[in-house]
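# Architecture at a glance
Okay, here's what each chain looks like letter by letter:
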Amino acid sequence: MNILLIGSGGREHAFAWKIKQSDLCSQLFIAPGNAGTSSLGTNVAIATTDFESLAALCVEQNIGIVLVGPEEPLVKGIYDFFKNRKDTQKIGVIGPSQAAAQLEGSKAFAKAFMHRHQVPTAAYQEFTVDNYAKGIDYIKGHALPIVLKADGLAAGKGVIICQNHLEALSEYELMIHRAKFGEAGKRVVVEEFLTGIELSVFVLTDGENYVLLPEAKDYKRIGIGDTGLNTGGMGAVSPVPFADDAFLQKVKERIIEPTLAGLKKDKLVYKGFIFFGLMNNEGEPGVIEYNCRMGDPETEAVMPRIKNDLVQLLIATSQQRLNEIVIETDERSVATVVAVSGGYPGDYEKGKVILGLGGNILEDSIVFQCGTKHEEEHIVTNGGRVLTVTSFGNTIAEAAEQSNYMLEQLYFDDIYFRTDIGYEFR
Ligand code: AMP
Ligand code: GLY
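Note that this is a predicted model, so its numbers are computed, not measured.

Moving on to the overall build of the protein. A count of helical and extended segments in the protein gives twelve helices and 23 strands. Since a compact globule built from 426 residues should have a radius of gyration of about 22 Å, the 21 Å found for the protein is in line with a globular shape. Residues classed as buried in the protein amount to 56% of the 426 residues present. Taking the intrachain contacts of the protein between residues at least 6 apart in sequence as the baseline, contacts between residues at least 24 apart amount to 69%. As displayed, the protein has an accessible area near 17500 Å², and 48% of this comes from carbon and sulfur atoms. A distance of 6 Å separates the average location of the 40 positive side-chain charges in the protein from that of its 56 negative side-chain charges.

Below, the structure written as structure tokens:
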């Protein structure tokens, strides 16, 4: 079968790496891909939201499965676009319908969904310009800290945790009256602050059945010890030591299964990955957010731990046969460490030559590329997050040390990575 993978990050390199291990994949295309994916398949220079061109490519190349990596094409309706066209209708698109992708695309939608289906989450209220004054009163009476969330996709920037009422009121005003996070962000969710430890749980669902994938914990802040600005993700570990069987059983019963039942009840078509961003508060799980796709860098940590053939999983998803699949995982720990370009998540330069990629890669380590591209005979940086190394170890400490060691063999000007990924578990 020929497969099209959409996206260009480390997540997509990890997916491509896993897909290429399957005998079921004949040809792999990646749109647009990066320098890493080009060694595993054919990169095609089509934007992730250019549905017409993606559909034309699928027809021309006889694509059987489309795996959608990032959220933007999903929230913009790639699933429905393919299903509504005669010539692409039969292609298995792995991802939710546009309506179901609202679980990530709209915080207000996700909160109302959880509320409707009794999925545990932080208490909240939603405000727009129409009930602005009510929001002021709500914030003034709210316990600290107060979490403000802009509706709509905001590239991970739409959440503000306010430590005092003045700050919350001023951010609220900026969001609603000055469109700080764009038009969609003029709708604001004001919610209770959840305490505990975060982790991410992933499932693949075919709309009827689901399989639970290895969980992960990601490290979002730029600085050592979880300090500084939020990023797309600086690293991840899997498994998560505190996610024991008893905890995961609660996650299944209270969160995953009510979510899937809710999707069915609301007639929201979903055949793809669901990423549950969770808080573990003394053994009790609650949902912080849903994402309608796999995470980055979580995919780089999770894919290597899955022993199953990924293409077989994707085919079973599109044929609604996931009930036949048993997920087998590598019991070892992995630590994934992301190397970024100096300045990220603020301004950073691109086009810096990356050295060391042709060198010796240790057994039990995998180098995934994120923002990279070919330029003449070099591979150069092409984004904030540039390289990701995943290593296996008997412990998280061992795995993390090996990833750090591997990253020390790689170089580009102003390279930076966190050396403390998985620190709480070392
Ligand atoms: P999100 O953009 O929804 O991923 O939120 C970004 C981060 O904000 C999350 O990973 C959490 O660390 C934090 N966060 C969001 N909502 C809450 C909440 N209700 N309580 C505590 N932390 C939160
Ligand atoms: N690493 C977080 C995300 O992919 O949303």
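The next thing to look at is the site of ligand 2. Around ligand 2, a shell composed of Asp218, Gly232, Phe275, Asn291, Arg293, Gly295, Asp296, Pro297 and Glu298 is seen. Between Glu298 and ligand 2, the recorded distance is 3.0 Å, taken from a side-chain N or O atom to a nitrogen atom. When the free accessible area of ligand 2 is taken as 200 Å², the share hidden by the protein chains comes to 88%. Of the residues in the shell around ligand 2, the class split is two nonpolar, three polar and four charged.

The next thing to look at is the sheet that holds strand S9 (residues 188–192). A sheet is described by the order of its strands in space; here four strands give the open sequence S6-S9-S7-S8, paired in antiparallel fashion. Of all the strands in the sheet, just strand S6 (124–127) and strand S8 (159–162) have a single pairing partner and so form its edges. Sheet twist, expressed as the average angle between the axes of neighbouring strands with direction ignored, equals 20°. Strand direction decides the pairing type here: S6 and S9, joined by four bridges, are antiparallel. When the bridges of S9 are listed, Phe127 appears paired with Val188. This element, helix H6 (residues 107–116), spans S6, strand S7 (146–150), S8 and S9 of the sheet and lies at about 50° to S9. Sheet strands in contact with helix H7 (residues 132–140) are S6, S7 and S9, and its direction is about 150° off that of S6.

Glancing now at the site of ligand 1. Not every one of the 15 residues close to ligand 1 is listed here, only the nearest: Glu191, Glu192, Leu194, Glu198 and Glu289. Side-chain polar atom of Lys149 to a nitrogen atom of ligand 1: 3.1 Å apart, as the coordinates give it. The contact in question runs from a nitrogen atom of ligand 1 to an N or O atom on the backbone of Leu194, over 2.8 Å. In isolation ligand 1 has 470 Å² of accessible area, and contact with the protein removes 90% of it. Within the residue set of the shell around ligand 1, elements represented by two or more residues are S7, S8, S9 and strand S17 (284–291). For the shell around ligand 1, the class distribution of residues is eight nonpolar, no polar and seven charged.

Quick look at unusual backbone geometry now. Pro32 follows Ala31 through a cis peptide bond whose omega is -5°. Mapped onto the elements, Pro32 comes out in strand S2 (residues 28–32). Cis geometry is adopted by the peptide bond preceding Pro239, which originates at Ser238 and carries an omega value of -5°. As for its position among the elements, Pro239 is in the loop between strand S15 (235–238) and helix H9 (245–265). In this structure, Asn62 takes a positive phi of about 50° despite not being glycine. Within the secondary structure, Asn62 is located in the loop between helix H2 (51–60) and strand S4 (63–68).

Let's shift gears to the packing of aromatic side chains. One pass over the structure, following the stated rule, counts 14 aromatic pairs. Seen in terms of ring centroids, Phe15 and Phe273 are 5.6 Å apart; in terms of plane orientation they differ by 35°. Their pairing is tilted. In this pair, Phe15 sits in helix H1 (residues 10–19) while Phe273 sits in strand S16 (residues 270–281), placing the two residues 258 residues apart along the sequence. Residue Phe15 shares its accessibility class with Phe273, and that shared class is buried. Seen from their ring centres, Phe242 and Phe425 are 6.2 Å apart, and the 50° between their planes marks the pair as tilted. Here Phe242 is found in the loop between S15 and H9, whereas its partner Phe425 is found in the segment after strand S23 (415–417), with 183 residues between them in sequence. Given the relative accessible area of 19%, Phe242 is considered buried. The class of Phe425 is partly exposed, set by a relative accessible area of 22%. Through successive ring pairs, a cluster of aromatic residues spans Phe127, Tyr132, Tyr138 and Tyr172.

Of the residues making up H6, those classed as buried are Lys107, Ala108, Ala110, Lys111, Phe113 and Met114. Downstream of H6 by one or two residues, Gln118 has phi in the positive range, about 55°.

Our focus in this paragraph is the environment of Ile91. Inspection of the secondary structure assignment puts Ile91 in the loop between helix H4 (78–83) and strand S5 (92–96). For Ile91, a relative accessible area of 7% puts it in the buried group. Each C-alpha atom, one on Ile91 and one on Thr317, is 12 Å from the other, the two residues being 226 residues apart in sequence. Apart from the residues within four sequence positions on either side, Ile91 is in contact with Cys58, Ile63, Gly64, Ile65, Val66, Phe82 and Lys83.

Let us look at the environment of Asp364. Structurally, Asp364 is set in the loop between strand S18 (333–341) and strand S19 (365–369). In this structure, the C-alpha to C-alpha distance between Asp364 and Ser391, residues 27 residues apart in sequence, is 5.5 Å. A polar contact is formed between the side chain of Asp364 and the side chain of Arg332, at a distance of 3.3 Å.

What counts, and at which threshold
Residues numbered from 1 in each chain as written. Chains lettered and ligands numbered in written order. Predicted model: local features only at pLDDT ≥ 70, side-chain atom pairs only at ≥ 80, totals over all residues. Heavy atoms only, no water. Helix = DSSP H or I, 4+ residues; strand = E, 2+ residues; numbered from the N terminus. Rg over C-alpha atoms; globule rule 2.2 N^0.38 Å. Buried < 20%, exposed > 50% of the residue type's maximum accessible area, 1.4 Å probe, protein only. Contact = heavy atoms within 4.5 Å. Areas by Shrake-Rupley, 256 points an atom, 1.4 Å probe, with all protein chains shown as cover. Lys, Arg positive; Asp, Glu negative; His and termini not counted. Charge placed at Lys NZ, Arg CZ, Asp CG, Glu CD. Near = heavy atom within 4 Å. Polar contact = N/O pair within 3.5 Å; in protein donor to acceptor, adjacent residues only side chain to side chain. Nonpolar A, V, L, I, M, F, W, Y, C, P; charged D, E, K, R; others polar. Pairing = 2+ DSSP bridges. Axes fitted to C-alpha atoms, helices over the stretch in contact; angles between N-to-C directions. Phe/Tyr/Trp six-rings, centres within 6.5 Å; stacked < 30°, edge-to-face > 60°.

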